[in-house]
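Summary of structural features
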Amino acid sequence: MATIVKEDPQAQQQPPSNDHGAADTEELDMPPTGCGILGRYPVLSVLIFASAGIGLGVGLSYWEPDDPEDKDIALKWLGLIGDMFIRALKAIVLPLVFINVVISVVDMMSLGRASAIGWKTIGLYLLTTIIASIVGIISIV
C-alpha cells in the first residue's frame, strides 16, 4: 500500500545555503561598503579622479589670467594640498608597511619556521630603506 504525503502549505522552506552554511539572504542584507559610486566601483572612481587631476594640471598649465599673480597664488594652494598628501603618505603608509613586515616575520619565527628567512627579510627591508633614504637626501641636495 502506497502512502501519500501531503505538503503543508503553511510550512516554511529553508533558504538554500552556500558553501559556508550561511543563508544567501543574509549576504544580500549586508549594507554596501563605501559611499555611492566610490563604494560600488572603486577602480572606476580612481580612474575618474586621476583623469580629473590630469585635466586640472593641464588646464592650469595653459591658464593665462590677466594678473599673473593669480596663477601663482592658485598654484601655491594646490601645491600645499599635494605636499600635505605626500607628507601624510610618508607619515602613515611607510611605518604601517614596516610594522606589517615585522609582525609577519615575527609570526613566522614564533611558529619555528623560517628564522633565517625572517632575518633576511628584515635585513633586506632595512637595507632598501637606508638606500632609499640616501637617494632621497642626495636628490634634495
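In this text, all values refer to a predicted model and were calculated from it rather than measured experimentally. (Residues numbered from 1 in each chain as written. Predicted model: local features only at pLDDT ≥ 70, side-chain atom pairs only at ≥ 80, totals over all residues. Heavy atoms only, no water.)

A tally of regular secondary structure across the chain gives five helices and zero strands. Of the regular secondary structure in the chain, the N- to C-terminal order runs α-α-α-α-α. Buried residues in the chain amount to 6% of all 141 residues. In the chain, of all internal contacts separated by at least 6 residues, the share reaching a separation of at least 24 is 12%. Split by element, the accessible area of the chain, about 12,600 Å² in all, is 68% carbon and sulfur. (Helix = DSSP H or I, 4+ residues; strand = E, 2+ residues; numbered from the N terminus. Buried < 20%, exposed > 50% of the residue type's maximum accessible area, 1.4 Å probe, protein only. Contact = heavy atoms within 4.5 Å. Areas by Shrake-Rupley, 256 points an atom, 1.4 Å probe, with all protein chains shown as cover.)

Negative charge collects at one region of the surface, where D66, D67, E69, D70 and D72 lie side by side. Its place among the elements puts D67 in the loop between α3 (42-62) and α4 (68-110). (Patch = residues over 30% accessible without salt bridge, like charges linked within 9 Å, V, L, I, M, F, W, Y side chains within 5 Å. Salt bridge = Lys/Arg side-chain N within 4 Å of Asp/Glu carboxyl O. Lys, Arg positive; Asp, Glu negative; His and termini not counted. Charge placed at Lys NZ, Arg CZ, Asp CG, Glu CD.)

So, about a nonpolar patch on the surface. Together, I37, L38, Y41, L44, I48 and F49 make up an exposed nonpolar region whose accessible area comes to about 590 Å². Of all elements in the fold, only α2 (37-40) and α3 reach the threshold of two or more residues within the nonpolar patch. In terms of residue count, the dominant contributor to the nonpolar patch is α3 (three residues). Inspection of the secondary structure puts Y41 in the loop between α2 and α3. The partly exposed category is assigned to Y41, whose relative accessible area is 46%.

In a regular helix each residue adds 1.5 Å, so 43 residues correspond to 63 Å; α4 covers 63 Å between its end C-alpha atoms and thus fits that length. The principal kink in α4, of about 25°, is found at K90. (Expected span 1.5 Å × (residues − 1). Bend = angle between axes of the 7 residues up to and from the residue.)

Tracing the sequence through the fold places T129 in helix α5 (residues 115-140). Note: C-alpha distance between T129 and L94 (35 residues apart in sequence) is 9.8 Å.

What follows deals with the packing of α3 against α4. The contact between α3 and α4 brings their axes to 11 Å, and the two run at 155°. One element, α3, and the other, α4, form an angle in the roughly antiparallel class. As for the relative orientation of α3 and α4, their crossing is left-handed in sense. Of the residues in α4, those in contact with L56, L60 and S61 of α3 are K71, L75 and L78. (Axes fitted to C-alpha atoms, helices over the stretch in contact; angles between N-to-C directions. Parallel < 35°, antiparallel > 145°, perpendicular 65-115°, else oblique. Left-handed = near helix turned anticlockwise from the far one by under 90°.)

We now examine the confidence of the model for the chain. The share of residues in the chain with pLDDT of 70 or more is 72%, and the mean pLDDT across the chain is 77. Within the chain, α3 carries the highest mean pLDDT (89), whereas helix α1 (residues 24-28) carries the lowest (51). (pLDDT = per-residue confidence, 0-100.)

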